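Observations on the three-dimensional arrangement
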Amino acid sequence: MLDLEGFVSETNATNVFLVKNGAVLTPHADYCLPGVTRHTVMTLARERLGLSVVERRVSLAEFHAADEVFTTGTMGELTPVVEIDGRQIGPSEGGVRLGA
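Summarised in this report is the structure supplied together with it. The residue count restarts for each chain, going from 1 along the sequence in the order it is written. Only residues with pLDDT of 70 or above have their local features reported here, since the model is predicted, and side-chain atom pairs are shown and tallied only from 80 upward, although totals for entire chains, interfaces and linings are computed over all residues. To obtain the side-chain values, all non-hydrogen atoms of the structure were included, while hydrogens and water were left out.

The subject of this paragraph is the overall build of the protein. Numbered from the N terminus, helices here are DSSP runs of H or I no shorter than four residues, and strands are runs of E no shorter than two. The helix and strand tally for the protein stands at two helices and seven strands. Each helix and strand of the protein, placed in order from N terminus to C terminus, yields the pattern β-β-α-β-α-β-β-β-β. Radius of gyration (C-alpha) of the protein: 12 Å, near the 13 Å computed for a compact globule of 100 residues. In terms of overall dimensions, the protein has C-alpha extents of about 35 × 30 × 25 Å along its principal axes. Roughly 5,800 Å² of accessible area belongs to the protein as shown, and the carbon and sulfur atoms make up 54% of that amount. Note that His is not counted, nor are the chain ends; the positive residues are Lys and Arg, and the negative ones are Asp and Glu. Positions of charges follow a simple convention, taking NZ of Lys, CZ of Arg, CG of Asp or CD of Glu. Across the protein, the 8 positively charged side chains and the 13 negatively charged ones have centroids separated by 5 Å. Note on method: radius of gyration uses C-alpha positions; expected globular size equals 2.2 Å times residues raised to 0.38. All accessible areas in this document rest on Shrake-Rupley with a 1.4 Å probe, and a residue is counted as covered only by the protein chains that are shown.

What follows is the structure in structure tokens.
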């Protein structure tokens, strides 16, 4: 789902992240629910994996060009996104790798 300015905000029920060049990007919580699972993933990525985690406006084109995309949510946990708008994201086998 896009925010009022056309940037990606979330899916219909989960938060969304992308990994590009070893950095984790996620939209600001301005237009999405700043959920507990989202916060936990951001904390673990920073503290346990040593990854850069950036909250900012993220365009749909950036999601199309990502190395990896995944969603988080209480019901969905961590779920890999293997395709957006018919475009394959990352390797064909899918799975959440967080830049590994």
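Continuing now.
The side chains of a regular strand alternate, residue by residue, between the two faces of the sheet. Buried residues are those whose accessible area, probed at 1.4 Å on protein chains only, stays under 20% of the maximum for their type, while exposed residues exceed 50% and partly exposed ones sit between those limits. Residues of strand 2 (residues 23-26) alternate between two faces, with Ala23 and Leu25 on one and Val24 and Thr26 on the opposite face, all of them buried. In this description, strands pair whenever DSSP reports at least two bridges between them. The sheet contact formed by strand 1 (residues 15-20) and strand 2 spans three bridges and is antiparallel. Across the sheet, the residue bridging to Lys20 is Ala23, located in strand 2. Connecting the antiparallel pair strand 1 and strand 2 is a turn made up of two residues, with Asn21 showing a positive phi of about 50 degrees.

So, on to the nonpolar core. Counting residues in each nonpolar core, the largest one holds twelve residues, listed as Val8, Val16, Leu18, Ala23, Leu25, Val58, Phe63, Ala66, Val69, Val81, Ile84 and Ile89. Mapped onto this core, the elements with two or more residues apiece are strand 1 and strand 2. Apart from residues no more than four positions distant in its own chain, Leu18 is found in contact with Ala23, Val24, Leu25, Val58, Glu62, Phe63, Ala66, Glu68 and Val69. Take the buried residues of types Ala, Val, Leu, Ile, Met, Phe, Trp, Tyr and Cys, join any two whose side-chain atoms come within 4.5 Å, and each joined set is a nonpolar core. Counting residues in each nonpolar core, the second largest holds nine residues, with Phe17, Val41, Met42 and Val53 among its members. Whether two residues are in contact is decided by their heavy atoms: any pair within 4.5 Å suffices.

Considering only enclosed or pocket space, the largest pocket measures out at about 150 Å³ in volume. Along the walls of the largest pocket sit 13 residues, with Met1, Val8, Glu10, Leu60 and Ile84 positioned nearest its centre. Looking at the lining of the largest pocket, the elements that each hand over two or more residues are helix 2 (60-64) and strand 4 (68-73). Residues belonging to the lining of the largest pocket are distributed by class as follows: nine nonpolar, two polar and two charged. Throughout, the protein atoms alone are placed on a 1 Å grid, and a set of points is a cavity if a 1.4 Å probe fits but cannot get out or a pocket if it is open with protein on both sides within 12 Å along at least five of seven lines; lining residues have an atom within 4 Å of a point. Grid points are joined across faces, edges and corners, and a volume is the space filled by probe spheres set on the points. Basically, the charged four are Asp, Glu, Lys and Arg, the nonpolar ten are Ala, Val, Leu, Ile, Met, Phe, Trp, Tyr, Cys and Pro, and anything else, Gly included, counts as polar.

Before going further, it helps to spend a moment on the environment of Thr14. Secondary-structure assignment places Thr14 in the segment before strand 1. A residue is classified by how much of its surface remains accessible, and Thr14, at 14% relative accessible area, is buried. Distance in space between the C-alpha atoms of Thr14 and Leu2 is 13 Å, their sequence separation being twelve residues. One polar contact links Thr14 to Thr11, side chain to side chain, over a distance of 2.5 Å. Each polar contact in these results corresponds to two N or O atoms within 3.5 Å; when the atoms are within protein, one needs to be able to donate a hydrogen and the other to accept it, and residues that are neighboring in sequence are counted only if both atoms are side-chain atoms.

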